[in-house]
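Fold and contact review
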Amino acid sequence: MAWSMSFDYDAPNDVVTAHFVDCVLSTEEDVLRWRREVEGHLARYAGSGKVDLLINLEGLVVRFTAGRVFGRERREVLERFTHRSYRFGGDEMTRMFVLTSGAINGAAVNHYATREDALAALKAEREALRQRGASPFGGGFAGSKA
């Protein structure tokens, strides 16, 4: 299969889910391509705000040679387009880079075995914010239920 990615909006849960197919990041050029494409997709959903994002790591492979650049670019994309993000699935090496780059770059490292687990954690965070009196959406995506 060829490199591709898709992003789907789940209206009942007000969350965007990212899916990847054969997105192998081996070089800085691969990472920059990944960033451009992810930003293009997220811009359609975020408008002038931000979204909650679930990321299916299956099909996204981060090689050692691209790990450091990926960590930096990942953090910048998430800061620009998301309120919060949760990950699920993925191979061991990619999960390691996500966890390590999160620690180094200060990005969220929320990783779960399944989409259902990741969604449950996202909903729990929203509820905790709601109970504290804060908007769980920060006034972002037009489809948000604030």
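Everything that follows concerns the structure shown earlier in this document.
Procedures and definitions
Residues numbered from 1 in each chain as written. Predicted model: local features only at pLDDT ≥ 70, side-chain atom pairs only at ≥ 80, totals over all residues. Heavy atoms only, no water. Helix = DSSP H or I, 4+ residues; strand = E, 2+ residues; numbered from the N terminus. Contact = heavy atoms within 4.5 Å. Areas by Shrake-Rupley, 256 points an atom, 1.4 Å probe, with all protein chains shown as cover. Salt bridge = Lys/Arg side-chain N within 4 Å of Asp/Glu carboxyl O. Buried < 20%, exposed > 50% of the residue type's maximum accessible area, 1.4 Å probe, protein only. Axes fitted to C-alpha atoms, helices over the stretch in contact; angles between N-to-C directions. Parallel < 35°, antiparallel > 145°, perpendicular 65-115°, else oblique. Nonpolar A, V, L, I, M, F, W, Y, C, P; charged D, E, K, R; others polar. Pairing = 2+ DSSP bridges. Core = buried A, V, L, I, M, F, W, Y, C linked by side-chain atoms within 4.5 Å.

Remarks on the overall build of the chain
Helices and strands together make up the secondary structure of the chain, namely four helices and seven strands. Listing each helix as α and each strand as β along the chain from the N terminus yields β-β-β-α-β-β-α-β-α-β-α. Counting contacts in the chain only where the partners sit at least 6 residues apart, residues at least 24 apart contribute 74% of the total. When the accessible surface of the chain is split by element, carbon and sulfur atoms take 54% of a total near 7400 Å².

Re the pattern of salt bridges
Inspection of the entire model under this criterion finds 13 salt bridges. A salt bridge links Arg 33 to Glu 37; its shortest N-O distance comes to 2.9 Å. Within this pair, Arg 33 and its partner Glu 37 are both found in helix α1 (residues 28-46), separated by four residues, close to a single helical turn. Arg 33 gets classed as partly exposed once you look at its relative accessible area, which sits at 33%. The partly exposed category is assigned to Glu 37, whose relative accessible area is 25%.

Considerations on the packing of α1 against helix α2 (residues 67-81)
In contact at an axis separation of 10 Å, α1 and α2 are set at 10° when each is read in the N-to-C sense. As the angle between them shows, α1 and α2 are arranged roughly parallel. Judged by residue contacts, Glu 28, Val 31, Leu 32, Trp 34, Arg 35, Val 38, Glu 39, Leu 42, Ala 43 and Ala 46 of α1 engage Val 69, Phe 70, Arg 72, Glu 73, Arg 74, Glu 76, Val 77, Arg 80 and Phe 81 from α2. Within the contact of α1 with α2, the residues separate by chemical class into 11 nonpolar, no polar and eight charged.

Remarks on the pairing of strand β4 (residues 51-56)
Along any regular strand the residues' side chains alternate between the sheet's two faces. Within β4, six of the six residues are buried, which leaves it mostly tucked inside the rest of the structure. Side chains of β4 alternate between two faces, with Val 51, Leu 53 and Ile 55 and Asp 52, Leu 54 and Asn 56 buried alike. In terms of strand pairing, strand β2 (residues 15-21) meets β4 through three bridges, oriented parallel. Counted as the bridge partner of Val 16 is Leu 53 from β4. Pairing analysis gives six bridges linking β4 to strand β6 (residues 82-88), with the strands arranged parallel. The residue bridging Leu 53 from the neighbouring strand is Ser 85, located in β6.

Notes on the nonpolar core
If you look at the biggest cluster of nonpolar residues, it comprises 28 residues, and the most contacted ones within it are Phe 7, Phe 20, Leu 25, Trp 34 and Leu 42. Here this core gets six residues from one element, more than from any other, and that element is α1. With eight residues, the next largest nonpolar core counts Phe 88, Leu 119, Ala 121 and Leu 122 among its residues.

Looking at the sheet that holds β4
Across the sheet, which stays open at both edges, the five strands sit in the order β1-β2-β4-β6-β7 with mixed pairing between neighbours. At either end of the open sheet lies a strand with only one pairing partner, and these are β1 (4-10) and β7 (111-112). In terms of strand pairing, β1 meets β2 through seven bridges, oriented antiparallel. Looking across to β2, one finds that Met 5 is bridged to Phe 20. Strand contacts of α1: β1, β2 and β4, with the helix running at about 20° to β1, the strand carrying the most contacts. Contacting β4 and β6, α2 runs over the sheet at an angle of about 130° to β6.

Nothing here speaks to function; it is all geometry.
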